[in-house]
Amino acid sequence: MMNNVQIAKGVYSVGAVDWTMRDFHGYATPRGITYNSYLIVDEKICLIDTVKAPFGAELLERVSQIVDLTKIDYIVCNHTEPDHASALPMVMEKAPQAKVVLTAQGKESIIKHYQKDYDFQVVKEGDALDLGRNQLKFITLPMLHWPDSMASYLTGEEILFSNDAFGQHICTSNPFDDENEIHDIMQEAAKYYANILLPYTRLVGGALKKAETVPIKMIAPSHGVIWRSHITDILKKYEQWGTGYHDDTVVIVYDTMWGATEDMARRILEGVAASGAKAKLHRLKTSAMSDIMNDILEAGGVILGSSTQHNTVLATMGGFLSYIQGLKPVNKLGAAFSAHGWAGGAQKILENSLEAAGIKVESSELALKWVTSKDEKEQCFNFGLEFAKKVQANKK
Ligand code: FEO
């Protein structure tokens, strides 16, 4: 028997829990991933999202314990990324009578991904599906996470099936927020936002306004736990992240070749700490980029440091620069430091990359030769101290 949890009258959680998955296209997931899917049994039967393809059989087993697969009327694809839709072809083989409900962009994506022409029902903002006792209303959320993304809202039970929004990469055996350690859930929600939704921050305010127009008893995302006791908390967090909230934390991210850059990083951290601001330190060889971004989400300052190799930054830093330029954290101040032997190169690349990531560079350059002298150690300390004072003045 598979465990199907009834989360509300006629609404079941039927998705899959991928306990051992540790990587989501580059995002480190030490607590695993869930692919949530929900079954609504009303006068009409509706499946909300599917799962990642390897878990298709598990989804079918869970659903078939509740209803005959040939009786499913609708399969709603809130989002067509493969973690939610790659089991769709497997489900459609067993439920060929079902209409596939999705946005116009979703239809285009499903046809291209799976080369199938299902019985599509394209919906747009404000459209509704009559299920019997309740209606399912559609709220488009373009770019949260893909152009096709939408949420579905079940009247009566007042459940918002939000797909990626409000998700967290964490596996639990119990589906609700209040059945788990809330600190862990909030931490994973932040990490999810920092690594998946951050580039679309300017769209979050509009999405929250749409959510405010309906009463919500539960937010049932497609990753992680269902929010029922901490709805206000997670909405408040999204509002903060969506407006670039930050404290006075300074995150120092570096990599080092022979230790000089590391020495600089540690001296800079001491200077930041001396200001009273909080400091966090990550070496790129030992920290996952997704964990670093989690720390940067609510930080006020980012300091990047690298040794110079071949007139450029170390390769680990090059990867991080590409990552942070794509994510574009909001409302941060930045600074850069570097060490070199006979010729520099890393310093300018770090500073230019910070600007390209939308981070204002608020320091003069700190590019030192070979190893740090006694005076230079003090220079590093003061660099951290002065930068942290600017971050504190900019605290929001
Ligand atoms: Fe969980 Fe954008 O897919």
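About the cut-offs
- Residue positions are given per chain, counting from 1 as you read along its sequence in written order.
- Under the rules for a predicted model, residues below a pLDDT of 70 receive no local features and side-chain atom pairs below 80 are neither given nor counted, while totals for whole chains, interfaces and linings still include all residues.
- Hydrogens and water molecules were not included; the side-chain quantities draw on all heavy atoms of the structure.
- Elements are defined by DSSP. Helices are runs of H or I of four residues or more, strands are runs of E of two residues or more, and each kind is numbered from the N terminus.
- For the radius of gyration, the atom set is restricted to C-alpha positions; the globular benchmark scales as 2.2 Å times the number of residues to the power 0.38.
- Burial classes: relative accessible area under 20% of the type maximum marks a residue as buried, over 50% as exposed, and values in between as partly exposed (1.4 Å probe, protein chains only).
- Contact between two residues is taken to exist if any of their heavy atoms lie within 4.5 Å; hydrogens are not considered.
- For this count, His and the chain ends are skipped, Lys and Arg are scored as positive, and Asp and Glu as negative.
- Charged side chains are reduced to one point each, which is NZ for Lys, CZ for Arg, CG for Asp and CD for Glu.
- In this analysis, the protein atoms alone were mapped onto a 1 Å grid. Cavities are point sets where a 1.4 Å probe fits without being able to get out; pockets are open sets with protein on both sides within 12 Å along at least five of seven lines; lining residues have an atom within 4 Å of a point.
- Grid points are joined across faces, edges and corners, and a volume is the space filled by probe spheres set on the points.
- Polar here means any residue outside two lists: the nonpolar Ala, Val, Leu, Ile, Met, Phe, Trp, Tyr, Cys and Pro, and the charged Asp, Glu, Lys and Arg; Gly therefore counts as polar.
- In this document the domain limits rely on a domain assignment from an automatic tool or a database.
- In protein, a polar contact requires one atom able to donate a hydrogen and another able to accept it; more generally it is a pair of N or O atoms within 3.5 Å, and residues adjacent in sequence count only if both atoms are side-chain atoms.
- A pair is scored as a salt bridge if a Lys or Arg side-chain nitrogen falls within 4 Å of a carboxyl oxygen belonging to Asp or Glu.
- Using a 1.4 Å probe, buried area is obtained as the accessible area two parts lose upon being combined, added over both of them.
- Throughout, an axis means a line fitted to C-alpha atoms (over the contacting stretch in the case of helices), and angles, computed between N-to-C directions, take values from 0 to 180 degrees.
- Should an angle lie under 35 degrees it is considered roughly parallel, over 145 roughly antiparallel, and from 65 to 115 roughly perpendicular; all remaining angles are considered oblique.
- What makes a crossing left-handed is the near helix being turned counterclockwise from the far one by less than a right angle; a clockwise turn instead makes it right-handed.

### Some remarks on the overall build of the chain
Okay, step 1: What the chain contains, in helices and strands, is 12 helices and 23 strands.
Okay, step 2: Computed over its C-alpha atoms, the radius of gyration of the chain comes to 24 Å, within 12% of the 21 Å expected for a compact globule of 396 residues.
Okay, step 3: Taken over the C-alpha atoms alone, the chain extends approximately 75 × 40 × 35 Å along its principal axes.
Okay, step 4: Within the chain, the fraction of its 396 residues that count as buried is 57%.
Okay, step 5: Intrachain contacts of the chain at a sequence separation of at least 6 include 73% that bridge at least 24 residues.
Okay, step 6: A distance of 3 Å separates the average location of the 40 positive side-chain charges in the chain from that of its 48 negative side-chain charges.

### Let's talk about the layout of surface pockets
Okay, step 1: A volume near 400 Å³ is recorded for the largest pocket.
Okay, step 2: Sorting the residues of the lining of the largest pocket by element identifies α5 (182-197), α7 (231-242) and α9 (289-297) as the ones contributing at least two each.
Okay, step 3: When the residues that make up the lining of the largest pocket are grouped by side-chain class, the tally is 6 nonpolar, 4 polar and 10 charged.
Okay, step 4: Both domains that meet at the lining of the largest pocket, namely domain 1 (5-242) and domain 2 (250-391), each give it at least three residues.
Okay, step 5: Considered as a void within the structure, the second largest pocket measures approximately 340 Å³ in volume.
Okay, step 6: Lining the second largest pocket are 18 residues, with M257, T308, H340, G341 and W370 sitting closest to its centre.
Okay, step 7: Those elements that provide at least two residues to the lining of the second largest pocket are α8 (260-274), β19 (301-309) and β21 (333-340).
Okay, step 8: Of the residues assigned to the lining of the second largest pocket, the class counts are 8 nonpolar, 10 polar and no charged.

### What to know about the side chain of T201
Okay, step 1: Checked against the element boundaries, T201 lands in the loop between α5 and α6 (204-212).
Okay, step 2: Since its relative accessible area comes to 5%, T201 is described here as buried.
Okay, step 3: Among the polar contacts made by the side chain of T201, one reaches the side chain of Y193 at a distance of 2.9 Å.
Okay, step 4: With residues up to four places along the chain from it excluded, the contact list for T201 reads Y193, W241, G242 and V330.

### What to know about the pattern of salt bridges
Okay, step 1: Under the counting rule described, the total for this entry stands at 20 salt bridges.
Okay, step 2: Close ionic contact of K191 with D291 constitutes a salt bridge, the shortest N to O distance being 2.8 Å. In this pair, K191 sits in helix α5 while D291 sits in helix α9, placing the two residues 100 residues apart along the sequence.
Okay, step 3: By relative accessible area, which is 2% here, K191 ends up buried.
Okay, step 4: Several salt bridges share partner residues, and in doing so they unite R31, D184 and E188 into one network.

### Regarding the domain arrangement of the chain
Okay, step 1: When the domains of the chain are assigned, the result is domain 1 (5-242) and domain 2 (250-391).
Okay, step 2: The distance between the C-alpha centroids of domain 1 and domain 2 comes to 38 Å.
Okay, step 3: Listed as interface residues are 14 residues of domain 1 and, on the opposing side, 14 residues of domain 2.
Okay, step 4: Of all residues in domain 1, K191, N195 and L198 bury the most surface against domain 2, accounting for 43% of the area lost on that side.
Okay, step 5: Remark: the boundary between domain 1 and domain 2 carries 2 salt bridges.
Okay, step 6: At the boundary of domain 1 with domain 2, the tally comes to 7 residue pairs in polar contact (both at pLDDT 80 or more).
Okay, step 7: Where the side of domain 1 that touches domain 2 is concerned, the elements lending two or more residues are β5 (27-28), α5 and α7.
Okay, step 8: Take the side of domain 1 that touches domain 2: its biggest share by element is 6 residues, from α5.
Okay, step 9: When the residues that make up the side of domain 1 that touches domain 2 are grouped by side-chain class, the tally is 8 nonpolar, 4 polar and 2 charged.

### Quick notes on the packing of α9 against helix α10 (residues 315-327)
Okay, step 1: At a closest axis distance of 11 Å, the pairing of α9 and α10 adopts a crossing angle of 45 degrees. As far as their axial angle goes, α10 and α9 are oblique. Remark: the crossing between α9 and α10 carries right-handed chirality. Between α9 and α10, the contacting residues are M289, S290, I292, M293 and I296 on the first element and G319, F320, Y323, I324 and L327 on the second.
Okay, step 2: Residues that form the contact of α9 with α10 fall into these classes: 8 nonpolar, 2 polar and no charged.

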